[in-house]
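# Structural characterization, general
For reference, the chains in residue letters:
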Amino acid sequence: WAYHAGVAYLMLRRYKDATRTLGEICSYMQRGFKEDSTFVRRSISPCFFHPALIVPNSLKTGQLRKLPNSEQFNKNYDRMVALLAILTHVCPPTGLVEDSLLRVIREKHGPQLSKVDSGEDSYEDLFVFACPKFISPALEGDAYKLQILQFGKEMEAQHSSRKLRSYMKLYTSIAVSKLAAFNDMEEEEFLPLLLSFKHRMRQLEEDGSYKSALDIHYHLSNDTVHVDEAEKQRRFENYFMAQIAQNADLMKEIEAISTEV
C-alpha cells in the first residue's frame, strides 16, 4: 500500500508525507536487494508491500531477491524511485531520504531532472512511468489521462516556483522589483506568484497540523523580501546505521579470512 499512498499524497500536494512514505519502503527494498541484507517474508504481495511485513536479520543474505514475484518488486521499486525523483526535486527532502537512496535517484534520473531545470523536459515522462493506471467509476472520461493532465498543470506551476526559490536562497533580503526582474516578470505580476508559492507549499502533515514544506522562510515587508533559512534538524540515526552496516561488512570479511597455517 505504500506505493499507492505515496501517489495519493503526491496528488494531494502533501510532498513531505509522500517523500517519507516512499523513502522508508524504498530504503527497506534497497537493502533487501543487496547481498548483505537479510529479510523474511510474511505472505508478501507486491500490491501490499510494507516495512511491517519485513523482519530484518531473520534469514540468509539477499533473501528479498529470492522471493517469488521478485521481478514485480523490482518494477515497483523503480516506479517509487521515479516518484521520489519528482518529490525530492520539487520539495527539498531535509533528512527524509537516506543518502544512499538519493545517490540512486541521481544515478537513475539525474540527467532527466537537469533537463527539467533547463526547461527542455517536464516531469510528465517520469510520472507516466511511475503512476498506476487510474480507473474511474464513471463510464465516461479517461481517468488516467485526466490525472496526468492535472499533474502536468501542477508541475508547470512548480517550475516557476523552483526558479523563485533558487534566487531567494542567495539572499537574506532583496527588493521585490529586483526579484521580479530575475524572474522576467513585472512587479505587479510577480507579487501573486510570491504569495502563492508560500500557500502552495503549506501542506497538511500526518499529525494533522499545517506546516511549510519549504527549506526557507520568507516574508514581505514594504517593498523588500526578507529570507531566513529554515531551522535544520540535526539527525544522527542515519550516521549510526551506516556505521553499523559498515561494521557488519567488515566482520564478514574478517570471518571469511582463512587462519589456517
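Residues numbered from 1 in each chain as written. Predicted model: local features only at pLDDT ≥ 70, side-chain atom pairs only at ≥ 80, totals over all residues. Heavy atoms only, no water.

### Details of the environment of S161
Rule in force here: By definition, any uninterrupted DSSP run of H or I lasting at least four residues is a helix, any uninterrupted run of E lasting at least two residues is a strand, and each is numbered from the N terminus. Residue contacts are counted whenever heavy atoms from the two residues lie within 4.5 Å of one another.
Along the chain, S161 turns up in helix α7 (residues 143-168). In this structure the C-alpha to C-alpha distance between S161 and F197, which are 36 residues apart in sequence, comes to 6.2 Å. With sequence-adjacent residues up to four places away left out, S161 is seen in contact with L193 and F197.

### Quick look at the nonpolar core
As a reminder of what qualifies: Residue types Ala, Val, Leu, Ile, Met, Phe, Trp, Tyr and Cys, when buried and joined through side-chain atoms within 4.5 Å, form a set referred to as a nonpolar core. For the exposure calls, accessible area comes from a 1.4 Å probe over protein chains only, and a residue counts as buried if that area is under 20% of its type's maximum, exposed if over 50%, partly exposed in between.
In terms of nonpolar packing, the biggest core is built from 57 residues, with M168 and V225 touching the most fellow members. For this core, the element with the most residues is helix α4 (residues 70-90), which contributes 11 residues. Setting aside residues up to four positions removed in sequence, M168 forms contacts with L179, L194, F197, I216, Y218, V225 and V227.

### Side note on the side chain of S27
With respect to the helices and strands, the residue S27 is situated in helix α2 (residues 15-32). Aside from chain neighbours lying at most four places away, what touches S27 is E98 and L101.

### Some words on helix α9 (residues 187-200)
Side chains three or four residues apart in an α-helix point the same way, a direct result of the helix having 3.6 residues per turn. Heads up, the condition is: Here, expected helix span is obtained from the residue count minus one, scaled by 1.5 Å. Of all possible arcs, the one meant is that of the directions from the helix axis to the C-beta atoms.
For α9, spanning 14 residues, the distance from its first C-alpha to its last is 20 Å, which sits close to the expected 20 Å at 1.5 Å a residue. Of the positions making up α9, those classed as buried are F190, L193, L194, F197 and R200. Buried residues of α9, viewed axially, fall in a sector of 140°; they line one side. The exposed residues of α9 that point more than 90 degrees off its buried face are E188, L195 and H199.

Geometry only, nothing functional implied.
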